[in-house]
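# Observations on the three-dimensional arrangement
Residues per chain, in single letters:
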Amino acid sequence: MKPAYYVTTPIYYVNAEPHIGHTYTTVLADVFARIHQAMGQDTFFLTGTDEHGEKIARAAAAVGKTPQGYVDDVSREFRTVWHALGLSPDRFIRTTDPEHVKVVTSILQKVHDQGDIYFGEYEGLYCVGCERFLTEKELVEGLCPDHKTAPERVKEGNYFFRMSKFQQWLIDYIHDNPDFIRPERYRNEVLSTLKDDIGDLSISRPKKRLSWGIPLPFDPDHVCYVWFDALINYLTGIGYPDEDRFRRYWDEAEHLIAKDILKPHGIYWPTMLKAAGIPPYKHLTVHGYWKTVEGKISKSLMSGKLRNMVAPLPLFEKYGPDAVRYYLMADMTLGLDAQFTEDNIVTRINSDLANDLGNLLSRLVNMVKSAYDSRIPEPYDDSMGNPLKEQAERLHATVIEHIDHVRLHQAIWEVMQLVRRINRYIEETAPFKLWKFDKSRAGGVLYNALESLRIAAVFLHPIMPNKMSALLQQLGWHIDGSPLWIEQSKWGMLQSGLPIELGSHLFPRIEAQAVEESPPPVAASQRPTEEGTMITFQEFQKMDLRVADILSAERVPDTKNLVKMEISIGEDKRVIVAGIAQKYLPENLVGRQVVVVANLAPAKIRGIDSNGMLLAAVDGDDLALVVLDKPCRPGTKVH
Ligand code: MSP
């Protein structure tokens, strides 16, 4: 039996309404849960709200509400927004839930009883925004680097958790379990913090100063520190200690967080678990920040002019939930920061979804309608091989490999490469011409294209569940819940003879005026320069650069400068035309390795379809091909 899968988001502070930053982590958890369901696993998805502590008490007072009334309102707001966005966690936990209060109380008591909580005097620099003491080393020019505020000096009697006792254990555990904290840069960050003495953790506040918290069972004059309380939600959420769910899911827990809360999750939490005699979670998966031109997307933008852009509901209403989900998942390399602009959303929608995916579906269905009576044609046994089948069959292993290493954007990219390959295949084979003299063969071409598109949609289903269900339905393929990848991505499942029908446009193109209201997409310093335009790393990644072998080359008749070449990019053989004949003799090109842009839209040059472009340095009339400094496997990616 496959292991279960348990995914969590941070529980969000209720001092702010949800914005697109919170939305990203919650969508990511939803996508991961769906992916693991598609991999045949029993999954549990937890999110919720963090409702105790000084920050919340102050926010409630600022609007003249009682803490309880205030947290009830904002927590409801989170639930409403997640529901409206179609995100359905298996449980929405609140730290004010009586069941949670009970679990926190019992863990405090247990750790206290075994002597790992003691009373002491503490003086330190407290950041209310972070709800934790900061070390001098963490400050930047005396300010908290995240909140840009000066921490408050606090001196008081506190209870302490003997965190330092577990420091060496944690270092060893991280070394023994390379996948515990990922991507690697965050594992290294935690290990580097652990090089210094981490000290003990103050885990209480005197009630006379702060009453909004869970009372310590062994001293009712103190309440529990908010992080000690909040982290335990991950246990309460699955029924710790007695429920079956706890036993089923805990060993498979994956916590998703952004880098802002790495220290509490990477250091406090595992040592707390160790002290409580509970095994550590399986993975801590850390992502970067979504940023706008003004910096990290945060609460402050929700009251400013960018509100409509960073509030999830207006955005999801404007572009549709599935398109925004796709953008968020495809545009962020997990672990790195990403630039959030409405222009980038529109680019993704227009190029990937409307053009590559939506148009392909309508072209294929329309072709089947005009020549095959709207019924899926028969496959055709083609001795020329079937490049789509080979690529589609490789996809399962490739996607799983990327998912295992939390490279979600890469997995999406591979699926979209299949979609782009189908588009090229249709250009190359031109079934709309072929069927005039070989209807079976053209039918086979369409079968291959439809079947590959079906497989791509099965893999994209966790990202865009509604749109991909609609796409599959147009191909006569009905799914109930998440498709099981291993079964439903097998080649040849599409049934010939079944009727297919074009439904409504899946991804209408967004016209420029729809985004007119948006703020400028890039900072003035990043606007086009004389030399060209600044692009983001994500934009650069859209370019598919590959190593190619030149198999044959000949001058294009009646031209001075054009060479027609057959190249191989791995198993993919293509024709390209390049203007290099004045510098290179065709016969000297054969056998050379070059670098090509493999995903350039095909172009007709002197009547020849050219599928790609060679890279060369061009200086006036002079020209030099970009080559490699040692031989590589054709098809190797160039980054
Ligand atoms: N309450 C704590 C978490 C306790 S978990 C036991 C907290 N809450 S928070 O409301 O500040 O949420 C922080 C989290 O929101 C980040 O770790 C991330 O998941 C998400 N994000 C908030 N802003 C974000 C961006 N600008 N970009 C990406 N994620 C963002 O910390």
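Residues numbered from 1 in each chain as written. Predicted model: local features only at pLDDT ≥ 70, side-chain atom pairs only at ≥ 80, totals over all residues. Heavy atoms only, no water.

Now for the packing of helix H2 (residues 54-62) against helix H3 (residues 67-84). Relative to each other, H2 and H3 sit at 95°, their axes nearing to 9 Å. What the angle tells us is that H2 and H3 run roughly perpendicular. Here H2 contributes Ile56, Ala59 and Ala60 to the contact with H3, which in turn contributes Pro67, Tyr70 and Val71. Looking at side-chain class alone, the contact of H2 with H3 contains six nonpolar, no polar and no charged residues. (Axes fitted to C-alpha atoms, helices over the stretch in contact; angles between N-to-C directions. Helix = DSSP H or I, 4+ residues; strand = E, 2+ residues; numbered from the N terminus. Parallel < 35°, antiparallel > 145°, perpendicular 65-115°, else oblique. Contact = heavy atoms within 4.5 Å. Nonpolar A, V, L, I, M, F, W, Y, C, P; charged D, E, K, R; others polar.)

Turning our attention to the pairing of strand E24 (residues 616-619). Relative to strand E25 (residues 622-625), E24 runs antiparallel, the two sharing four bridges. Counted as the bridge partner of Ala616 is Leu625 from E25. Once E24 ends, the chain turns through two residues before running back antiparallel as E25, passing Gly620 with a positive phi of about 60°. (Pairing = 2+ DSSP bridges.)

Here we come to the sheet that holds strand E2 (residues 43-50). In space, the six strands of this open sheet follow the order E3-E2-E1-E12-E13-E7, with parallel pairing throughout. With one partner strand each, in any of the chains shown, strand E3 (91-94) and strand E7 (181-182) form the two edges of the open sheet. One ladder, built from seven bridges, connects strand E1 (residues 5-13) with E2; its direction is parallel. Each residue of the ladder has a partner; that of Tyr12, found in E2, is Thr49.

This brings us to the site of the ligand. Ile11, Thr25, Asp50, Asp260 and Ile297 are the nearest of the 24 residues found near the ligand. Between the ligand and Gly21 there is a distance of 3.4 Å, counted from a nitrogen atom to a backbone nitrogen or oxygen. When isolated, the ligand has an accessible area of 670 Å², and the protein chains bury 95% of it. A per-class count over the shell around the ligand returns 13 nonpolar, eight polar and three charged. (Near = heavy atom within 4 Å. Polar contact = N/O pair within 3.5 Å; in protein donor to acceptor, adjacent residues only side chain to side chain. Areas by Shrake-Rupley, 256 points an atom, 1.4 Å probe, with all protein chains shown as cover.)

Of note, Glu51 is situated in the loop between E2 and H2. Along the chain, Glu51 and Thr347 lie 296 residues apart, while their C-alpha atoms are 38 Å from each other. Those residues in contact with Glu51 that lie beyond four places of it in its chain are Val14, Ile56, Val71, Ser75, Arg94, Thr95, Thr96 and Trp212. Only 2.6 Å separates the side chain of Glu51 from the side chain of Thr96, close enough to count as a polar contact.

Moving on, we get to the domain arrangement of the chain. Annotation of the chain at the domain level lists domain 1 (5-339), domain 2 (342-488) and domain 3 (537-638). Computed from C-alpha atoms alone, the centre-to-centre distance between domain 2 and domain 3 is 27 Å. Together, the buried faces of domain 2 and domain 3 total about 1,000 Å²; carbon and sulfur atoms form 39% of this surface. The largest share of the area that domain 2 buries against domain 3 comes from Arg348, Trp413 and Arg424, three residues that together contribute 45% of it. (Domains from an automatic or database assignment. Buried area = accessible area lost by both parts, 1.4 Å probe.)

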